[in-house]
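So the chains spell out like this:
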Amino acid sequence: MRIPLIAGNWKMHKTVRESVDFARGLLEAIGEVNGVEVAVAPPFTALHPVAEVLKGGPIRLAAQNIFWEESGAYTGETSGPMLAEAGCSLVIIGHSERRQYFGETDETVNRRLFAALAAGLHPIVCIGETLEQRQAGQTFEVVTSQLEGGLTNAGADQIGSVVIAYEPVWAIGTGVTATPEQAEEVHHFIGQTLAERYGEGLAQTTRILYGGSVKPDNIRELMACENIDGALVGGASLEIESFAAIAGFNKG
Ligand code: PEP
């Protein structure tokens, strides 16, 4: 049984004060959470203040990135133990914006994955093809190589803590959502790939989120798909009303 996860990626939005106010408002708007896990990923500066607001409540805290060393002379980086102590229980790894603008590769994704696991954080590993790759019929090939590269040397015991996010790059921040059929096709394929590699049992428990222009008006049809286990939400996670509506997809 896979409990759906709805995670909001705030990217480089919201100051500390804005984040804290938003977290308070979100707690109120979301109310009780049943049968779904909800998480938010504020910018680094707001992680700890938001953790203080969320403490003891139903919303979990995620970071947007992690560095692979625990400490040292790595100006500008943030380690797993720092994130865990700040209150995070999840961390987004390999987002397409990091791949596009900051030279993230499958190899660095893999290093970050192990840093997250060592710190007791659940990595949300992002994979997905560009429009050119989809149009060239390379979607499954790209997804396989990102999955295999990102999870290299991870054992079955470690995969149990990992969440995969399928985020077609052409759907991120564009307003173009993959149709439920397009998303489900790739989610099913990812599930099969995990099953081949780690066994059916583990694949059955590994959550695969969809990300790419998720909105209140398309979340239900996406969540109705057998292999879609939640959503990684960018733009629509920046407004309390829309994120609360997405997180409450299973309410009445
Ligand atoms: C994202 O950045 O992970 C994302 C899915 O963004 P958006 O929902 O805005 O497409």
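So, a few notes on the structure that sits alongside this text. (Residues numbered from 1 in each chain as written. Predicted model: local features only at pLDDT ≥ 70, side-chain atom pairs only at ≥ 80, totals over all residues. Heavy atoms only, no water.)

## Digging into the overall build of the protein
For step 1, the next point in the chain: Counting secondary structure elements, the protein contains 12 helices and 8 strands.
For step 2, the next point in the chain: A compact globule built from 252 residues should have a C-alpha radius of gyration of about 18 Å, and the protein, at 17 Å, falls within 12% of that.
For step 3, the next point in the chain: Here the C-alpha coordinates of the protein stretch approximately 50 × 45 × 35 Å along the principal axes.
For step 4, the next point in the chain: Taking all 252 residues of the protein together, the buried fraction comes to 54%.
For step 5, the next point in the chain: Residue pairs at least 24 apart in sequence account for 72% of intrachain contacts in the protein once pairs closer than 6 positions are excluded.
For step 6, the next point in the chain: Surface accessibility of the protein: about 11,300 Å² in total, with carbon and sulfur atoms responsible for 50%.
For step 7, the next point in the chain: Put simply, the protein has 17 plus and 31 minus side-chain charges, and the middle of one group is 5 Å from the middle of the other. (Helix = DSSP H or I, 4+ residues; strand = E, 2+ residues; numbered from the N terminus. Rg over C-alpha atoms; globule rule 2.2 N^0.38 Å. Buried < 20%, exposed > 50% of the residue type's maximum accessible area, 1.4 Å probe, protein only. Contact = heavy atoms within 4.5 Å. Areas by Shrake-Rupley, 256 points an atom, 1.4 Å probe, with all protein chains shown as cover. Lys, Arg positive; Asp, Glu negative; His and termini not counted. Charge placed at Lys NZ, Arg CZ, Asp CG, Glu CD.)

## Structural notes on the pairing of strand β2 (residues 37–41)
For step 1, the next point in the chain: Of all 5 residues making up β2, 4 are buried, and the element is well covered by its neighbours.
For step 2, the next point in the chain: Bridge count for strand β1 (residues 5–9) against β2 is 5 bridges, and the pairing is parallel. Among the inter-strand pairings, Gly8 is bridged to a residue of β2, identified as Val40.
For step 3, the next point in the chain: Remark: the β1/helix α1 (residues 16–30)/β2 crossover connection has right-handed handedness.
For step 4, the next point in the chain: Bridge analysis of β2 against strand β3 (residues 59–63) gives 3 bridges, and the strand direction is parallel. The partner of Ala39 across the bridge, within β3, is Arg60.
For step 5, the next point in the chain: For the crossover that starts at β2, traverses helix α2 (residues 47–54) and ends in the parallel β3, the hand is right-handed. (Pairing = 2+ DSSP bridges. Right-handed = clockwise from strand over helix to strand, strands pointing away.)

## A few points about the nonpolar core
For step 1, the next point in the chain: Residues Ile6, Val40, Leu151, Ile164, Ile190, Leu194 and Tyr210 are the most contacted members of the largest nonpolar core, which totals 70 residues.
For step 2, the next point in the chain: Of the residues forming this core, the biggest block, 7 residues, is contributed by helix α9 (residues 180–198).
For step 3, the next point in the chain: Those residues within four positions of Leu151 in sequence are excluded, and the remaining contacts are Asn110, Leu113, Ile159, Val162, Ile164, Leu194, Arg197 and Tyr198.
For step 4, the next point in the chain: Ala41, Ala62, Cys126 and Leu232 belong to the second largest nonpolar core, which has 13 residues in total. (Core = buried A, V, L, I, M, F, W, Y, C linked by side-chain atoms within 4.5 Å.)

## What to know about the site of the ligand
For step 1, the next point in the chain: Taken together, the neighbourhood of the ligand is formed by 14 residues, with Lys11, Glu167, Gly173, Ser213 and Gly235 sitting nearest.
For step 2, the next point in the chain: Within the side chain of His95, an N or O atom sits 2.8 Å from an oxygen atom of the ligand.
For step 3, the next point in the chain: One of the side-chain nitrogen or oxygen atoms of Glu167 is found 2.7 Å away from an oxygen atom of the ligand.
For step 4, the next point in the chain: Protein burial of the ligand: of its 290 Å² of free accessible surface, 96% is covered by the chains.
For step 5, the next point in the chain: Among the residues forming the shell around the ligand, the class breakdown is 4 nonpolar, 8 polar and 2 charged. (Near = heavy atom within 4 Å. Polar contact = N/O pair within 3.5 Å; in protein donor to acceptor, adjacent residues only side chain to side chain. Nonpolar A, V, L, I, M, F, W, Y, C, P; charged D, E, K, R; others polar.)

## Details of the environment of Glu200
For step 1, the next point in the chain: Locating Glu200 in the fold gives a position in helix α10 (residues 200–205).
For step 2, the next point in the chain: Accessibility expressed as a relative area gives 49% for Glu200, which makes it partly exposed.
For step 3, the next point in the chain: The spacing of Glu200 and Gly128 is 72 residues in sequence and 23 Å in space, taken between C-alpha atoms.

## A few points about the sheet that holds β1
For step 1, the next point in the chain: The parallel closed barrel is built from 8 strands, whose spatial order is β1-β2-β3-β4-β5-β6-β7-β8. Taking the axes of each pair of neighbouring strands and ignoring which way they run, one obtains an average angle of 25° across the sheet.
For step 2, the next point in the chain: Bridging between β3 and strand β4 (residues 90–93) involves 2 bridges; their strand directions are parallel. Each bridged residue has a counterpart across the sheet, and for Ala63 the counterpart in β4 is Val91. (Axes fitted to C-alpha atoms, helices over the stretch in contact; angles between N-to-C directions.)

## Some remarks on the layout of surface pockets
For step 1, the next point in the chain: By volume, the largest pocket is sized at about 520 Å³.
For step 2, the next point in the chain: As for the largest pocket, its lining consists of 18 residues, and the residues nearest its centre are Lys11, Met12, Gln64, Arg98 and Phe102.
For step 3, the next point in the chain: Each residue belonging to the lining of the largest pocket can be placed in one class, and the counts come to 7 nonpolar, 7 polar and 4 charged. (1 Å grid on protein atoms, 1.4 Å probe; cavity = no way out; pocket = protein on both sides within 12 Å on 5 of 7 lines; lining within 4 Å. Points joined across faces, edges and corners; volume = space filled by probe spheres on them.)

## Re the pattern of salt bridges
For step 1, the next point in the chain: Applying the stated rule across the entire model yields 9 salt bridges.
For step 2, the next point in the chain: The salt bridge involving Glu104 is made with Arg112; its shortest N-O contact spans 2.8 Å. Each of the two residues, Glu104 as well as Arg112, counts as buried. (Salt bridge = Lys/Arg side-chain N within 4 Å of Asp/Glu carboxyl O.)

Read these as geometric descriptors, not functional statements.
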